[in-house]
Amino acid sequence: MIFKLLELKNFIKRIGDRYWLYVKIAIKFISAIVIFSLMNIHMGYSDVMDNTVITIGLSVIAAFSPDAVFSLLAMAVSLAHLYSVSIVLAVVMLVVYLIIYFAYVRFVPGQIFVILAIPFLYILGIPYVMPLICGVFFAPYSIVSNVLGILLYYVYIAVEGAAGLSGDKSISNTINFFNVIVDNIRDNKYMLFSMIIFAFIALLTYIIRIQKFNHSSDVSILTGIVLMLVAFVLASSLIEKSDNFVNVIVGVCVSGFIAFMVRFFRISLDYSGVKNIQFEDDEYYYYVKAVPKLSVSAPDKQVMTIHAQIPTSNTMNLRETIEKTFEESEHNVTAAVEEDR
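A brief report on the enclosed structure follows. (Residues numbered from 1 in each chain as written. Predicted model: local features only at pLDDT ≥ 70, side-chain atom pairs only at ≥ 80, totals over all residues. Heavy atoms only, no water.)

## Concerning the overall build of the protein
Counting secondary structure elements, the protein contains 13 helices and two strands. Put simply, the protein has 341 residues, and 34% of those count as buried. Within the protein, residue pairs in contact and separated by at least 24 positions form 68% of the contacts whose partners lie at least 6 positions apart. Accessible surface, the protein: about 21700 Å² in total, of which carbon and sulfur atoms supply 65%. (Helix = DSSP H or I, 4+ residues; strand = E, 2+ residues; numbered from the N terminus. Buried < 20%, exposed > 50% of the residue type's maximum accessible area, 1.4 Å probe, protein only. Contact = heavy atoms within 4.5 Å. Areas by Shrake-Rupley, 256 points an atom, 1.4 Å probe, with all protein chains shown as cover.)

The following block contains the structure:
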């Protein structure tokens, strides 16, 4: 099984290296279609944005644009939906986006995708994959990304719960609308618990992953899976007062499987070939642990068609030729021995 996965990994790598530009465009287009469609389904406050032609057009723009434009389009679509609910709410969320960008994202640009991905992973039921991936592939600053992503998701949930109060545009109704949203976020203990657990798992996974023992990445993911499973099952029981643990268990297990697959396709090591190397220079003595990457080359299969030769009068019989050669050799040896005598 492992060799089949390695062959698949090498095949994907070859395709990616050869056609990376087209692969990247296709991935961004599919991702944009999924993200914008989920926004329209779960928010859907704007009739203009909830349009197939608009969704496809924005996805095409996102596919052929830089990554930063992709993230800006996602935020613009969310603001368009919020604008249909409340102009003031859209302005407030725009300010929140700007604060997040100038205070955090502009220093670590790639983390914007972590922040934006978490709400959609919640919709898919697998948000637990993000702290695992962040712990394995990113530094501890990704903790902030996880916390911000969870906050955005629960803001959208609060807006959805209070959307029915936005019909009247009076000042008193707008204030009441915002009070409901703030109360829902402030009193959401499960959100706060999720932030703490995601931050703890991301940090713990990172700490275990940087250790020097073999299979540290796999151990870090497995540890994170077990802790999250226990933590969120308890949270569902004690905080949400729910006895339906199936969604949590399935979500954590699927998230763990995805994290293992991402780790495997990103880097897979052959710990049977570990070498500990020691060398020195004028100032330092170095201890280096070298772990080779696990790889396998798919065999090149060459099929040859062999046709049986039809014997002819000129065809040489190999067996007769060999026997004749041995007989001549024995005769020559016997003749040489008699001459010596």
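## Digging into the packing of helix H6 (residues 111-124) against helix H7 (residues 129-137)
Contact geometry for H6 and H7: axes closest at 10 Å, N-to-C directions at 150 degrees. Put simply, H6 runs roughly antiparallel to H7. Within the contact between the two elements, H6 uses Val114, Ala117, Ile118 and Leu121 and H7 uses Val129, Met130 and Cys134. Its residues placed into classes, the contact of H6 with H7 shows seven nonpolar, no polar and no charged. (Axes fitted to C-alpha atoms, helices over the stretch in contact; angles between N-to-C directions. Parallel < 35°, antiparallel > 145°, perpendicular 65-115°, else oblique. Nonpolar A, V, L, I, M, F, W, Y, C, P; charged D, E, K, R; others polar.)

## Topic: the nonpolar core
For soluble globular proteins, the rule of thumb is that nonpolar side chains tend to be buried together. With 69 residues, the main nonpolar core has Phe36, Leu82, Leu89, Met93, Ile150, Ile181 and Phe232 as its most contacted residues. The leading source of residues in this core is helix H8 (residues 142-162), at ten residues. Those residues in contact with Leu89, other than ones at most four positions away along the chain, are Leu82, Val159, Phe177, Phe178 and Ile181. (Core = buried A, V, L, I, M, F, W, Y, C linked by side-chain atoms within 4.5 Å.)

## Looking at the pairing of strand S2 (residues 285-290)
The side chains of a regular strand alternate, first on one face of the sheet and then on the other. Here strand S1 (residues 275-280) pairs with S2 via six bridges, running antiparallel. Bridge pairing links Glu280 to Tyr285 in S2. Between S1 and S2, which follow one another and run antiparallel, lie four residues. (Pairing = 2+ DSSP bridges.)

## With respect to the packing of aromatic side chains
One pass over the full model with this rule turns up 13 aromatic pairs. Measuring from ring centre to ring centre gives 5.0 Å for Tyr101 and Phe102, while their planes differ by 80 degrees; the resulting arrangement is edge-to-face. Consider the rings of Tyr284 and Tyr286, whose centres lie 6.2 Å apart with planes at 50 degrees: the pair is tilted. Given a relative accessible area of 53%, Tyr284 falls into the exposed group. Taken together, Tyr128, Tyr190, Phe193, Phe198 and Phe232 form an aromatic cluster joined through their ring pairs. (Phe/Tyr/Trp six-rings, centres within 6.5 Å; stacked < 30°, edge-to-face > 60°.)

## Describing the pattern of salt bridges
All chains considered together, the criterion is met by four salt bridges. Bridged by salt links that share partners, the residues Asp183, Arg186 and Asp187 form one connected network. (Salt bridge = Lys/Arg side-chain N within 4 Å of Asp/Glu carboxyl O.)

## Topic: a nonpolar patch on the surface
On the surface, Leu8, Phe11, Ile12, Ile15, Tyr19, Leu21 and Tyr22 cluster together into a nonpolar patch covering about 700 Å² of accessible area. The set of elements that each furnish at least two residues to the nonpolar patch consists of helix H1 (2-18) and helix H2 (20-42). Residue contributions to the nonpolar patch peak at four residues, all from H1. Residue position: Tyr22 is located in helix H2. (Patch = residues over 30% accessible without salt bridge, like charges linked within 9 Å, V, L, I, M, F, W, Y side chains within 5 Å.)

## Structural notes on the packing of helix H5 (residues 87-105) against H6
Axis separation between H5 and H6 bottoms out at 11 Å; the angle between their running directions is 140 degrees. The pairing of H5 with H6 is recorded here as oblique in orientation. Relative to H6, the crossing made by H5 is right-handed. The segment H5 lies against H6, with Ile100, Tyr104 and Val105 engaging Gln111, Ile112 and Ile115. Of the residues contributing to the contact of H5 with H6, the split by class is five nonpolar, one polar and no charged. (Left-handed = near helix turned anticlockwise from the far one by under 90°.)

## Side note on the side chain of Lys28
Within the element layout of this structure, Lys28 appears in helix H2. The exposure class assigned to Lys28 is buried, which follows from its relative accessible area of 9%.

## Thoughts on helix H10 (residues 189-209)
Taking 1.5 Å as the rise per residue, H10 with 21 residues should run 30 Å; its terminal C-alpha atoms sit 30 Å apart, in good agreement. Burial in H10 covers these residues: Tyr190, Met191, Ser194, Met195, Ile197, Phe198, Ala199, Ile201, Ala202, Thr205 and Ile208. (Expected span 1.5 Å × (residues − 1).)

## Remarks on the environment of Phe257
When you line up the elements, Phe257 lands in helix H12 (residues 246-266). Judged by relative accessible area, which is 52%, Phe257 ranks as exposed.

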